[in-house]
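Structural features, examined
Next come the chains, spelled out residue by residue.
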Amino acid sequence: MTIANNQQLLDEINSYNQIRIEMTQNGERVTLGHPADVREKIEEMVAEKVGVGFVSLQEDVEDGEYFVYVHTDTYDELDQEDVDKLEALDIDESEEGCTEAIKKFLEVEFRFVTETIIPCRKCNKENTKDMGNGMLFCYDCKSEETVEEAKKRFFEKQ
Ligand SMILES: [Zn+2]
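Every value quoted in this text rests on a predicted model; they were computed, and no experiment measured them.

We now examine the packing of helix H2 (residues 35-50) against helix H5 (residues 95-106). Where H2 contacts H5, the axes come no closer than 11 Å and their chain directions differ by 65 degrees. In the crossing of H2 with H5, the sense of the turn from one axis to the other is left-handed. Of the residues in H5, those in contact with Ile42, Met45, Val46 and Lys49 of H2 are Ile102, Phe105 and Leu106.

Right, here's the structure in full:
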C-alpha cells in the first residue's frame, strides 16, 4: 500500500468517526451517537423484542445511508430456533433488506446529525439534545444543564 493510500484511508476513518446518527421512535429520540453505538442499541432492542438472548449486527454507512444487518457471529451463537425467529422477520445478512426490516420491526428511523453536539456535562456522552426550552438534556444519564452554560463550557474549551 502506498503512502497516498494510507492517507486516504486515514481520511476515511476520520470522517467515519465524525459521523453521528440519531435513532428516533415516533419522532422521539432513542439514542444518538457513533454508527457503532447506535448499532449496539439496536442489538439490545432487537434481542429484547424478538426474545432471543443475543444478536450481533454490523453497521455500515454508504452514500449517506445507514445500514444495520446480521453479523455471522449471530448464527454461531444462536440455536436454530432463534435464528428462525430472526429470519421470519427478515432480520438477516442483507444490508438493505435487513435495515428496512429492523426499521419496521422496531418502528425506528435514522437521521444523520450534522449540527454540533455538546457532550453531557456529567457522563460526557454525546447523546444530548437542546430541548428548545433553554435546557440541554442527556438521554443517557438524564441530567440537564442550561444551553447557555453548556455552550460556554464547550466553546471555551475549544
Ligand atoms: Zn449524561
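What follows deals with unusual backbone geometry. Even without being glycine, asparagine 26 reaches a positive phi, approximately 50 degrees. With respect to the helices and strands, asparagine 26 occurs in the loop between strand E1 (20-25) and strand E2 (28-33).

Let us look at the sheet that holds strand E5 (residues 108-113). Strands sit in the order E2-E1-E5 across an open sheet of 3 strands; the sheet is antiparallel. In this open sheet, the two strands that pair with only one neighbour each are E2 and E5. When the angles between neighbouring strand axes are averaged without regard to direction, this sheet yields 25 degrees. Pairing of E1 with E2, which is carried by 5 bridges, proceeds in the antiparallel orientation. From the neighbouring strand, glutamate 22 faces E2, where its bridge partner is leucine 32. Strands in contact with H2 are E1 and E2; relative to E2, the strand with the most contacts, it is inclined by about 130 degrees.

Within the largest apolar cluster, 16 residues are counted, with the highest numbers of intra-cluster contacts made by Val68, Ile91, Cys98 and Ile102. Going through the elements one at a time, E1, H2, strand E4 (65-70) and H5 are the ones with two or more residues in this core. The biggest single contributor to this core is E4, with 4 residues.

What follows deals with the pairing of strand E7 (residues 135-138). Going residue by residue along E7, you find Leu136 and Cys138 tucked away on one face and Met135 and Phe137 left uncovered on the opposite face. Hairpin remark: strand E6 (residues 128-130) followed by E7, antiparallel, with 4 residues in the connecting loop; positive phi at glycine 132, about 90 degrees. Taken together, the 3 bridges between E7 and strand E8 (residues 144-146) define a ladder with antiparallel strand orientation. From the neighbouring strand, phenylalanine 137 faces E8, where its bridge partner is glutamate 144. The antiparallel pairing of E7 with E8 creates a hairpin that spans 5 residues between the two strands, and lysine 142 there sits at a positive phi of about 65 degrees.

Attention now goes to the sheet that holds E7. Strand order in this open sheet of 3 strands is E6-E7-E8, and the pairing throughout is antiparallel. At either end of the open sheet lies a strand with only one pairing partner, and these are E6 and E8. Between one strand axis and the next, the sheet turns by 25 degrees as a mean value, whatever way the strands run. Pairing geometry for E6 and E7, over 3 bridges, is antiparallel. In the sheet register, threonine 128 faces E7, and the bridge partner there is cysteine 138. Its contacts with the sheet put helix H6 (residues 147-157) on E6, E7 and E8, and the angle it makes with E8 is roughly 85 degrees.

What counts, and where the lines are drawn
Residues numbered from 1 in each chain as written. Predicted model: local features only at pLDDT ≥ 70, side-chain atom pairs only at ≥ 80, totals over all residues. Axes fitted to C-alpha atoms, helices over the stretch in contact; angles between N-to-C directions. Helix = DSSP H or I, 4+ residues; strand = E, 2+ residues; numbered from the N terminus. Left-handed = near helix turned anticlockwise from the far one by under 90°. Contact = placed C-beta atoms within 7 Å. Pairing = 2+ DSSP bridges. Core = buried A, V, L, I, M, F, W, Y, C linked by C-beta atoms within 7 Å. Buried ≥ 20, exposed ≤ 12 C-beta atoms within 10 Å, placed from the backbone.

Any functional reading would require information that these geometric values do not contain.
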